[in-house]
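Here's the letter readout for the chains.
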Amino acid sequence: MYMLQAVDVYKKFQRLEVLKGISLQVRKGEVIAIIGPSGSGKSTFLRCLNRLETIDSGLIEIEGEIMVKNGPDGKALYSPEAEIAMMRRKMGMVFQDFNLFPHKSVLQNLMLAPMLVKNTETSEAEQIARTLLDKVGLGFKADNYPFELSGGQQQRVAIARALAMNPEIMCFDEPTSALDPEFTGEVLNVMKDLAMENMTMLVVTHEIGFAREVAHRVIFMDEGLIVEQGKAEAVLLNPQHERTKAFLSKVLMAR
Amino acid sequence: MDYVLSLLPAMLEGTGVTLKLFFYTLVMSLPIGVVMALARITKFKPLNILMQLYIWVFRGTPLLLQLFFIYYGLAQVGIKFDRFTAAIIAFVLNYSAYLAEIYRSGIQSIDRGQYEAADVLGLTRLQTMTKIILPQMFKRVLPPISNEVINLVKDTALIYVIGISELLRVTKTSAVRDFSFVPWIVAAIFYLVMNGTVQQFFKWLEQRFNYYR
């Protein structure tokens, strides 16, 4: 059974077709990097997987449970809200802009969801939060507020916040794109550590180096389609498709 | 000086009435405004449209007209309130409409990412509103709310038209009776003190919310 499976996912924004039949199977413990030019639909695809966006047609399964499938009319038919809520609990999400709660301290940011959603006891939630903050190297910032942290620190808190819900899959939507270059390293290191612990990860990224080093599989998307995919080395060092080559030469040129 | 002192008992009593209306209006319209703002942005169309209509009517007509209507107008169809109740109803209805619009703009100024973060963490809509959105909204709307509160202090003077002896009416009585301008000045000082207090209070409140950005 796949950890996550998407089959033939289509998505339109008004007239604009963003996803034109995307399929992806993710095994437990797999780290997948999704790369591609902006506007290729990679972020939208990631957002569809945990229903931040709804799809028009296709199938999405989380650990064999159906989140959405095609109805008799061929259009996407979502499972009941309560079931979807349980599935979404298995997925953590890290955003480009961190989206920490500015009115809550770092510690409270981590404790909030476990307490509200899982009814975790305060003391237990705090213990989990402190452990995770130590893990991302920010134990000493527990009582600070997000605005007092650097971008890199905020993103590490955001990762810890997602982990506090004990997810089975972590989705990263361009986690380093909003950061000054000096801070990307610390965030990527936290993500590497996660990968080492066999976390299942889906990472939409422009960090080719990270993809090569950490991802088991790299997926290149362009214009709403998966153009090429395979082992990181293969796709990144020896791309077969013209569009992949063009994209990679542009990205690598820029550095 | 003796003359000023002789004015004070009546004026303080008038101020008491003014303050009573002020506090009743605030205590009710501040929370009602929140509920109205949420109704105003709900996706449930009928409620949404009803709220737009309500806000249009109560912001689009003079408070004075609303006051007359509730006290005199409704009395003619048999709905009678005592003067002070009529005043409170008019003020609460009117101020709730203004506050609702301020809250609404505050809610809508919160970044979409906050909703999404709450959503992926599994918070319900209600939890998202009460724990994430509204607390941040209150901080943002403090400056426009303080404007409204200062307006409210001054608007209380309007209720003299339905014969309530609040500060301004008492002042006018004395000024006309004694043929003196002094009561006007004393009244002005009263209003300034009240609004000075309001300003200081909001300054303090804004500082208290300064622990985050």
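The coordinates are above.
Just so you know, these numbers come straight off a predicted model, no measurement behind them.

Here is what the cut-offs are and how they apply
Residues numbered from 1 in each chain as written. Chains lettered and ligands numbered in written order. Predicted model: local features only at pLDDT ≥ 70, side-chain atom pairs only at ≥ 80, totals over all residues. Heavy atoms only, no water. Contact = heavy atoms within 4.5 Å. Buried area = accessible area lost by both parts, 1.4 Å probe. Salt bridge = Lys/Arg side-chain N within 4 Å of Asp/Glu carboxyl O. Helix = DSSP H or I, 4+ residues; strand = E, 2+ residues; numbered from the N terminus. Buried < 20%, exposed > 50% of the residue type's maximum accessible area, 1.4 Å probe, protein only. Patch = residues over 30% accessible without salt bridge, like charges linked within 9 Å, V, L, I, M, F, W, Y side chains within 5 Å. Areas by Shrake-Rupley, 256 points an atom, 1.4 Å probe, with all protein chains shown as cover. Axes fitted to C-alpha atoms, helices over the stretch in contact; angles between N-to-C directions. Parallel < 35°, antiparallel > 145°, perpendicular 65-115°, else oblique. Left-handed = near helix turned anticlockwise from the far one by under 90°. Nonpolar A, V, L, I, M, F, W, Y, C, P; charged D, E, K, R; others polar. Phe/Tyr/Trp six-rings, centres within 6.5 Å; stacked < 30°, edge-to-face > 60°. Lys NZ or Arg CZ within 6 Å of the ring centre and 35° of its normal. Lys, Arg positive; Asp, Glu negative; His and termini not counted. Polar contact = N/O pair within 3.5 Å; in protein donor to acceptor, adjacent residues only side chain to side chain. Core = buried A, V, L, I, M, F, W, Y, C linked by side-chain atoms within 4.5 Å. Pairing = 2+ DSSP bridges.

**Concerning the interface of chain A and chain B**
Listed per partner, the contact involves 22 residues of chain A and 20 residues of chain B. Summing both sides of the interface, chain A and chain B together bury roughly 1,900 Å²; the carbon and sulfur share of this comes to 63%. Summed over the three residues of chain A that lose the most area to chain B, namely His103, Leu116 and Phe147 of chain A, the buried surface amounts to 31% of that side. Summed over the shared surface of chain A and chain B, the result is 2 salt bridges. A salt bridge links Arg88 of chain A to Asp119 of chain B, with the shortest nitrogen-to-oxygen separation between them at 3.0 Å.

**Thoughts on the environment of Ile102 of chain B**
All names here are of chain B. Residue placement: Ile102 occurs in helix α4 (residues 83-108). The buried category is assigned to Ile102, whose relative accessible area is 13%. Separated by 36 residues in sequence, Ile102 and Phe138 place their C-alpha atoms 10.0 Å apart. With residues up to four places along the chain from it excluded, the contact list for Ile102 reads Val141, Pro144, Ile145 and Glu148.

**Details of unusual backbone geometry**
Excluding glycine, most residues fall at negative phi; most peptide bonds, likewise, are trans. For Asn198 of chain A, which is not glycine, the phi torsion reads 70° and is therefore positive. Along the polypeptide, Asn198 of chain A turns up in the loop between α6 (181-196) and β9 (200-204). Unusually for a residue other than glycine, Phe179 of chain B sits at a positive phi of about 50°. Mapped onto the elements of the fold, Phe179 of chain B is located in the loop between α7 (167-178) and α8 (182-208).

**Looking at a nonpolar patch on the surface**
Taken together, the side chains of Phe181, Trp184, Ile185, Ile189 and Val193 of chain B present a nonpolar region at the surface, about 520 Å² in accessible area. Inspection of the secondary structure puts Phe181 of chain B in the loop between α7 and α8.

**Digging into the packing of helix α3 (residues 106-117) of chain A against helix α5 (residues 151-163) of chain A**
The description of two helices packed together rests on the angle between their axes and the distance between the axes. All names here are of chain A. Orientation of α3 relative to α5, taken along the N-to-C sense of each, is 25°, at an axis distance of 8 Å. Considering the angle they form, α3 stands roughly parallel to α5. At the point where α3 passes α5, the crossing takes the right-handed sense. In contact with Val106, Asn109 and Leu110 of α3, α5 contributes Val157, Ala160 and Arg161. The residue makeup of the contact of α3 with α5, split by class, is 4 nonpolar, 1 polar and 1 charged.

**Thoughts on the packing of aromatic side chains**
Within this structure, the stated rule accounts for 13 aromatic pairs over all chains. Between the aromatic rings of Tyr95 of chain B and Tyr98 of chain B, the centroid separation amounts to 6.5 Å while the plane-to-plane angle is 45°, which identifies the pairing as tilted. Taken together, the residues Tyr95 of chain B and Tyr98 of chain B, both in helix α4 and 3 residues apart, mark about one turn of the helix. Judged by centre distance (6.0 Å) and plane angle (85°), the ring pair of Tyr103 of chain B and Phe138 of chain B falls under edge-to-face. Pair noted here: Tyr103 of chain B is in helix α4 and Phe138 of chain B is in helix α6 (residues 125-155), with a separation of 35 residues, a long-range link. The class for Tyr103 of chain B is buried, based on a relative accessible area of 3%. Grouped by ring-pair contacts, the aromatic residues Tyr145 of chain A together with Tyr211 and Tyr212 of chain B constitute a single cluster. The ring of Phe101 of chain A carries Arg161 of chain A above its face, with NZ or CZ at 4.5 Å from the centroid. The ring of Phe84 of chain B carries the charged tip of Lys20 of chain B above its face, separated from the ring centre by 4.8 Å.

**Examining the pattern of salt bridges**
Pairs may arise between side chains of opposite charge once their charged atoms sit close together. Residue and element names in this part refer to chain A. A complete count under the given rule lists 20 salt bridges over all chains for this structure. Among the ionic pairs, Lys245 bridges to Glu242, the shortest N-O distance being 3.7 Å. Of this pair, Lys245 and Glu242 both sit in helix α9 (residues 242-253), 3 residues apart, roughly one helical turn.

**Here's the deal with the side chain of Glu166 of chain B**
All names here are of chain B. Secondary-structure assignment places Glu166 in the loop between α6 and α7. Buried and unpaired, Glu166 has Arg169 as its nearest opposite-charge partner, separated by 6.4 Å. Among the polar contacts made by the side chain of Glu166, one reaches the main-chain amide nitrogen of Arg169 at a distance of 2.9 Å. Contact partners of Glu166, with chain neighbours within four places excluded, come to Gly14, Val17, Thr18, Thr156, Ala157, Ile159, Tyr160 and Tyr191.

**Some details on the nonpolar core**
All names here are of chain A. One finds Phe45, Ile60 and Leu202 to be the most contacted residues of the largest nonpolar core, which totals 92 residues. Residues in contact with Ile60, not counting those within four places in the same chain, are Gln5, Ala6, Val9, Cys48, Leu49, Ile55, Glu65, Ile66, Met67 and Val68. Counting 51 residues, the second-largest nonpolar core is a separate cluster that includes Leu163, Phe172, Leu179 and Val218.

**Notes on the pairing of strand β1 (residues 4-13) of chain A**
Residue and element names in this part refer to chain A. Bridging between β1 and strand β2 (residues 16-26) involves 8 bridges; their strand directions are antiparallel. Each bridged residue has a counterpart across the sheet, and for Lys11 the counterpart in β2 is Leu19. Linking β1 back to β2 in an antiparallel pair, the connection comprises 2 residues, with Gln14 at a positive phi of about 45°. Bridge count for β1 against strand β4 (residues 57-62) is 5 bridges, and the pairing is antiparallel.

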